[in-house]
Structure formats: C-alpha cells, structure tokens
Amino acid sequence: MNSTPRYLRPRRRTREVAVGQFVIGGANPIRVQSMTSTETSDIEATVAQIRALWEAGCEIVRLTVNTRKAAAALPEIRKRCAGIPLVADIHYNHHLALEAAPYVDKIRINPGNIGSEENVRAVIQRANQFGLPIRVGVNQGSLERDIALKYGAHVKDNILMPPEEGYPAEALVESALRNVEILESYGFTRTILSVKSSNVPLMVEAYRQLSAQCDYPLHLGVTEAGTKDNSNIKSSIGIGALLLDGIGDTLRVSIAARRTEEKIEEVRTGFKILQALGLRQFGVEVVACPTCGREDQGFDTTRIAREIEERCADIATPVKVSVMGCYVNGPGEAAEADLGVVASGTAARIYRRGELISSQVPFAEVTDRMVQLIRELAEEKSAR
Ligand code: SF4
C-alpha cells in the first residue's frame, strides 16, 4: 500500500535496501520480521521454527550466529529455507559474520560489541562480496564504551554502569550515525538502522532524531519488551507512535518467549499494529462491539468474534468482518466491513459490504455461516 492512510503523517522517504526478495524502505510495504529462539546449530529445530514463522506471515527471519557450530549449520538451513530472507545476528565475533555471509540475506552487527573499525571493514568487504545489506543495530544496553561514558555512564568494579536517569536518545543516535559514517567512508550504503531501547519514550525519541538526520531505512522495535502482554502494549505504543509519524520501514515485536507458537505471536502483533493504522492489510480482521446490557439475548458477540478469529487464523487474504450485538451500531459497522453480522431480536442479519444478504439466521448458526462466507470471499479476492 503506497498511499498514506488518513490522519497519518506522510511516510518518510528512505533509501531502498533489498533484503532477499523484499525491498525495505522507500514506498515499499513495511515488513514484519521476527527472530528464532532455537540454538541455530540445532538444524531441525531452527528450520522448523523458521518455516513456521514464514507460514505465519513473517517476512524476514533473524537467527543468532553466536558460535562456529551455528555458522556451520547455515548452509543446510539456507538450503531448507530457500527463498526466506534470513538475517545473521552477530555480536562480539565479526569472524562469524564473514562465515555467515554466503548463506544469509543480511548481516546485523551491534556497534557496541563488534570491536575495532578494522572488524567493521572486514564485514563490509564480505557484505560487498555477496551484495548483502548490513543493519547497524544499536541497543541501549550495549553502547560503545566511549559514547556511554560521554553520556553519563561510570565504571564500577570494571563494569560500565549507565547513568541513573538512563542514556539520552542522543547517545543511541550518535552511535548509529558514527557507524553510518564508517560504512559510508568505505562507500557502503546498503544500510538499515535501529536504535532500540526497552524504554518506550526513549526509543521513540531516538528514532525521531535519527530519522531527521539521515535517510536510511529504519528497523523499528522496543527491545527486551517483556512477556506477551507487556511487549504487545510497549511495542504497540512505541512502534505505533513512530508509524503514525511516518517513521519506520520494517519492524519487529520482541516477546520474551521460546516456543514457536509464542514467537508467531510476535508476527501477529506486528501485523496487527500495521493493520490498526491502515498500513497493511493481512488476514481476517474482526471488529466486534464491546457488548453491553443491550446485546440481544442469546447472541454471544464475544464468543462469535473469538471463534471467527480462531477458525479463520489461516487466511492471509485481507477480509474485514464486524460482529455486533444489537441493531444500534450494527448496520453502520457492517457497511464498513466486507462481511458483517448484527443481532436483530431473536435472529441475526448478515451483510456483505453493507448489503443485507441473509436475515433470520439462527444465533447458533452464525459462526458457521460467517466462516463459510469469509472463506468464499477470501478465495474470490485472492483469485482476482
Ligand atoms: S452494538 Fe449494541 S450490544 Fe454492542 S455495545 Fe453497542 S449497544 Fe451494546
């Protein structure tokens, strides 16, 4: 979707950077990514999780390359995940980036721990050899030592302690821009940037400042955002605030989770954020009234909405559905949806794009009927 949804600031135009089959930045769709939680050296588990994430809609999958064994697993993972954009996540040991490069579509480095400029130069040369982009992933928790000290850190028992009030946004931005300068000094511009923090206002401010100072595509995320509920809220606020301002080209929701089903939640939340802002449409979106004492007796709005969501979770084609507990706002919401069901006395009415197509549908049959209509419409849309 290229046009800006109403009430959003126009999307900031960034450079375009290809990551595998997708182009990040410019007017391209904002891509949703995630990261595996498996040991990369466990090829079976890693491939299974990558494929599950991909099937759930994840468009770019990052995996840690933290050991030689992990790097050695990449050729087989690449072979079994052909076509899926893969990103090697590198910390501390730049040699692992050099080993990973032939088998991935992007390299992520953390400037706070990649070491000397010489190491960065080696990664650039290798990235150039394979035409790869590099994400400079700045993280509030691992800033370069000199930047940390400049912005208020102190050393205690040989450990770098952050300032009591936390680092300012400027520290994250300085780290990102310093690395942009290094990359540019070698003529490298296939760069994607992130300035993540677990502090939502700090992260929002850092991205705002960064977006005002360069035109590289931005990867949005609230890092270490916590378990599902906390992360969903923090990510929605942080990433959502930036997207409303037209900032951001790809995003990752970070949930503290290990199981594949929980990792898939990162993808679902990512798409829900984009969907809520009208930036991407994905799957079945159910609008349901909150219910009140006026809900027609025997019609269970909540149950029907949940059942539709669960039974249509496999549909990727965008279909907007409304489920309304009485006639008050029912027809109005139905007119804005592809398919709408409204309780009306002792039976339900079903609308397609505002036009009444069934009346007198027994409440007990509503879910089945709606799921059938949603599937038919999804097929019709995807055949166009
Ligand atoms: S649509 Fe009807 S039942 Fe639902 S919240 Fe509104 S008034 Fe209440």
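Keep in mind that what you see is a predicted model, and the values were worked out from it rather than measured.

## Structural notes on the packing of aromatic side chains
The full count for this structure, using the stated rule, is 3 aromatic pairs. Note on F22 and W54: the rings are 6.5 Å apart at their centroids and 40 degrees apart in plane angle, and the pair reads as tilted. Taken together, the positions of F22 in strand 2 (residues 22–24) and W54 in helix 1 (residues 43–55) put the pair 32 residues apart, joining distant regions of the chain. Ring centres of F299 and F363 lie 5.2 Å apart, and the angle between their planes is 75 degrees; this geometry places the pair in the edge-to-face category. Of this pair, F299 sits in the loop between strand 13 (284–288) and helix 10 (301–311) while F363 is found in the loop between strand 17 (355–361) and helix 12 (366–383), placing the two residues 64 residues apart along the sequence. Accessibility classification places F299 together with F363 in one group, the buried group. One cation-aromatic arrangement involves R15 over Y216; the distance from NZ or CZ to the ring centre is 4.3 Å.

## Some remarks on the state of the cysteines
Using the criterion set out here, one finds 0 disulfides in the structure. The thiol of C81 is not disulfide-bonded; the next cysteine sulfur, from C58, is found 11 Å away.

## Remarks on the pattern of salt bridges
Tallying each qualifying case throughout the model produces 30 salt bridges. Note that R303 is salt-bridged to D300, the shortest N-O span being 4.0 Å. Accessibility expressed as a relative area gives 32% for D300, which makes it partly exposed. When the shortest N-O distance is used, the salt bridge between R303 and E307 registers 3.1 Å.

## Notes on helix 12
Over its 18 residues, helix 12 runs 26 Å from end to end, which matches the ideal 26 Å to within 8%, given 1.5 Å per residue. Taken together, the buried positions of helix 12 are occupied by V366, T367, M370, V371, L373, I374, L377 and A378. In a view along the axis of helix 12, the buried residues occupy a sector of 165 degrees, so they form one face of it. Residues E379 and A383 are exposed on helix 12 and point more than 90 degrees away from its buried face. Buried residues along helix 12 sit in contact with strand 13, helix 10, strand 14 (319–324), strand 15 (339–344), strand 16 (347–352) and strand 17.

## Observations concerning the sheet that holds strand 11 (residues 219–220)
Ordered by their spatial adjacency, 8 strands build an open sheet running 10-7-6-5-4-3-12-11, and the pairing between neighbours is parallel. Single-partner strands in this sheet number two, and they are strand 10 (191–196) and strand 11. Sheet topology note: the strand 5 (residues 86–90)/strand 6 (residues 106–109) ladder contains 4 bridges and is parallel. Looking at strand 6, one finds that V87 is bridged to K106. The strands touched by helix 9 (residues 260–276) are strand 3 (31–35) and strand 12 (250–252); relative to strand 3, the strand with the most contacts, the crossing angle is about 160 degrees.

## A short note on the nonpolar core
In this structure, L86, I107, L243 and L251 are the most contacted members of the largest nonpolar core, which totals 80 residues. With near-sequence residues (within four places) excluded, L243 lies in contact with L8, I30, L220, G248, L251, I273, L274, L277 and L279. Grouped together as the second largest cluster of nonpolar side chains are 25 residues, V286, A305, L339 and L377 included.

## Remarks on the site of the ligand
Around the ligand sit C289, P290, T291, C292, R294, E295, M324, G325 and C326, and those are all the residues in its vicinity. Looking at the shell around the ligand residue by residue, the classes come out as 5 nonpolar, 2 polar and 2 charged.

## Regarding the UniProt feature "domain: IspG TIM-barrel" (unreviewed entry) in the protein chain
Under the UniProt annotation, "domain: IspG TIM-barrel" (unreviewed entry) lies at residues 14–262. Within residues 14–262, the helical portion is 42% and the strand portion 19%, while the C-alpha atoms at the span's ends are 32 Å from each other.

Definitions and cut-offs
- Residues numbered from 1 in each chain as written.
- Predicted model: local features only at pLDDT ≥ 70, side-chain atom pairs only at ≥ 80, totals over all residues.
- Heavy atoms only, no water.
- Phe/Tyr/Trp six-rings, centres within 6.5 Å; stacked < 30°, edge-to-face > 60°.
- Helix = DSSP H or I, 4+ residues; strand = E, 2+ residues; numbered from the N terminus.
- Buried < 20%, exposed > 50% of the residue type's maximum accessible area, 1.4 Å probe, protein only.
- Lys NZ or Arg CZ within 6 Å of the ring centre and 35° of its normal.
- Disulfide = S-S within 2.5 Å.
- Salt bridge = Lys/Arg side-chain N within 4 Å of Asp/Glu carboxyl O.
- Expected span 1.5 Å × (residues − 1).
- Arc of directions from axis to C-beta.
- Contact = heavy atoms within 4.5 Å.
- Pairing = 2+ DSSP bridges.
- Axes fitted to C-alpha atoms, helices over the stretch in contact; angles between N-to-C directions.
- Core = buried A, V, L, I, M, F, W, Y, C linked by side-chain atoms within 4.5 Å.
- Near = heavy atom within 4 Å.
- Nonpolar A, V, L, I, M, F, W, Y, C, P; charged D, E, K, R; others polar.
- UniProt positions renumbered as here; feature names shortened; annotations may be inferred.

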